[in-house]
Amino acid sequence: MGDALISAMKTSASGLEAQSMRVRIISENLANAQSTGSTPGSDPFRRKTITFGEELDRMSGATLVDVKSVQTDQTPFGLEFDPGNPAANAAGYVKMPNVNLILEMADMREANRSYESNLQVVKQSREMISMTIDLLRGGN
Amino acid sequence: MPGIQLMNLAVQKADWLSVRQSILAQNVANANTPSYHAKDIVPFESFLDSAQLTMATSNERHINVSASALESPQVKQDRSGESAHSGNNVSLENELLKLGETNSQFALNTGLIKSFHRMISASLK
């Protein structure tokens, strides 16, 4: 019985880890929202995306969640007219990163919510374990 | 002894509740996993029904053992509910609601074990 509760906590811990990795990717995207290339006509920063997948922990039999892949978003870059920029091509246009700030913020909110939920599960599982341990602390 | 039976039932319930907790934890952890379907376990009543099996005896000298060591409860996938574009149908609100329910049932269960224990101790005084 304790085993199931421990594996519940393990699963939630893997969820916490996956969501924090997601926040890391989002912050990379946000930090590089204006990172252009450095040579004329070169590609700027490309937005990263993250995908989760189920994973079986053979030790405990718990189903964990893991980062399956981090890929790059293939949406085309936007062009901005800025002839003075070192990354400007012959026509004076600079390729801007394909990062959408609103999208990243929405994604971050969702990651935050999922993180909180996982944390709540850890708290409750721990509470249940201590309820069981409290049975030993009889006295009455 | 009936006291033992009560304890047995309470232990089974605790077992069922903790398995449920781990299944719900999986749902919450996989809330953003593509093509993941929410899972739940069979209700406690039907879990008990399926557990009350007795071993077949082919000779009268065989000991009739009832299956007290329970198999782990069956897990079923929930295919209903609105599925997101990613093919995931976990609703965090729903899962957290179920988790709260599991938690309070567990509290009730441990409370019951405590009082069973008090009953047994009272008879020994």
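Above this text you will find the structure in question.
Residues numbered from 1 in each chain as written. Chains lettered and ligands numbered in written order. Predicted model: local features only at pLDDT ≥ 70, side-chain atom pairs only at ≥ 80, totals over all residues. Heavy atoms only, no water.

Quick rundown of helix α3 (residues 92–124) of chain B? Include the residues and the values.
Every α-helix winds through 3.6 residues per turn, so residues three or four apart in the chain are directed the same way. Between its terminal C-alpha atoms α3(B) stretches 48 Å, which fits the 48 Å expected from 33 residues at 1.5 Å a residue. All of the buried residues in α3(B) are L92(B), E95(B), K98(B), L99(B), T102(B), N103(B), F106(B), N109(B), T110(B), I113(B) and F116(B). (Helix = DSSP H or I, 4+ residues; strand = E, 2+ residues; numbered from the N terminus. Expected span 1.5 Å × (residues − 1). Buried < 20%, exposed > 50% of the residue type's maximum accessible area, 1.4 Å probe, protein only.)

Got a sec to walk through helix α2 (residues 101–134) of chain A? Specific residues and values, please.
Residues and elements named next belong to chain A. When the terminal C-alpha atoms of α2 are compared, their 49 Å separation across 34 residues agrees well with the 50 Å that a helix rising 1.5 Å per residue should span. Taken together, the buried positions of α2 are E104, A111, S114, S117, N118, V121, V122, Q124, S125, M128 and M131. For α2, the N-terminal capping position is held by N100, with its side-chain oxygen 3.2 Å away from the main-chain nitrogen of I102. (Polar contact = N/O pair within 3.5 Å; in protein donor to acceptor, adjacent residues only side chain to side chain.)

Tell me about the packing of α2(A) against α3(B), and please be specific about residues and values.
Running from N to C, α2(A) and α3(B) point in directions that differ by 10°, and their axes come no closer than 10 Å. Between α2(A) and α3(B), the angle is such that the two are roughly parallel. Contacts between α2(A) and α3(B) pair R113(A), S114(A), S117(A), Q120(A), V121(A), Q124(A), E127(A), M128(A), M131(A), T132(A) and D134(A) from the former with L92(B), E93(B), L96(B), L99(B), G100(B), T102(B), N103(B), F106(B), A107(B), T110(B) and K114(B) from the latter. Partitioned by chemical class, the residues of the contact of α2(A) with α3(B) number 8 nonpolar, 9 polar and 5 charged. (Axes fitted to C-alpha atoms, helices over the stretch in contact; angles between N-to-C directions. Parallel < 35°, antiparallel > 145°, perpendicular 65-115°, else oblique. Contact = heavy atoms within 4.5 Å. Nonpolar A, V, L, I, M, F, W, Y, C, P; charged D, E, K, R; others polar.)

Account for the interface of chain B and chain A, naming residues and giving values.
With 30 residues of chain B at the interface, the matching set in chain A holds 33 residues. Where chain B abuts chain A, roughly 2,600 Å² becomes buried across the two surfaces, and 62% of that area is made up of carbon and sulfur atoms. The interface formed by chain B and chain A holds 8 residue pairs in polar contact (both at pLDDT 80 or more) in total. The dominant element in the side of chain B that touches chain A, judged by the number of residues it contributes, is α3(B), at 13 residues. When the residues that make up the side of chain B that touches chain A are grouped by side-chain class, the tally is 14 nonpolar, 11 polar and 5 charged. (Buried area = accessible area lost by both parts, 1.4 Å probe.)

Could you give me a rundown of the side chain of S114(A), with the residues and numbers involved?
In this fold, S114(A) is placed in helix α2. For S114(A), the residues in contact, after removing those within four places along its chain, are Q19(A), N32(B) and L92(B).

Tell me about the pattern of salt bridges, residues and numbers included.
Residue and element names in this part refer to chain B. Within this structure, the stated rule accounts for 12 salt bridges over all chains. With a closest N to O distance of 3.3 Å, D40 and R20 form a salt bridge. Of this pair, D40 sits in strand β1 (residues 39–41) while R20 sits in helix α1 (residues 2–29), and the two are 20 residues apart along the sequence. Notably, a salt bridge pairs E101 with R20, separated by 3.6 Å at the nearest N-O pair. Residue E101 is found in helix α3, and its partner R20 is found in helix α1; the two are separated by 81 residues along the sequence. Note on E101: relative accessible area 39%, which makes it partly exposed. Of the residues examined, R20 reaches a relative accessible area of 8% and is grouped as buried. Within the structure, one salt-bridge network assembled from shared partners comprises R20, D40, K98 and E101. (Salt bridge = Lys/Arg side-chain N within 4 Å of Asp/Glu carboxyl O.)

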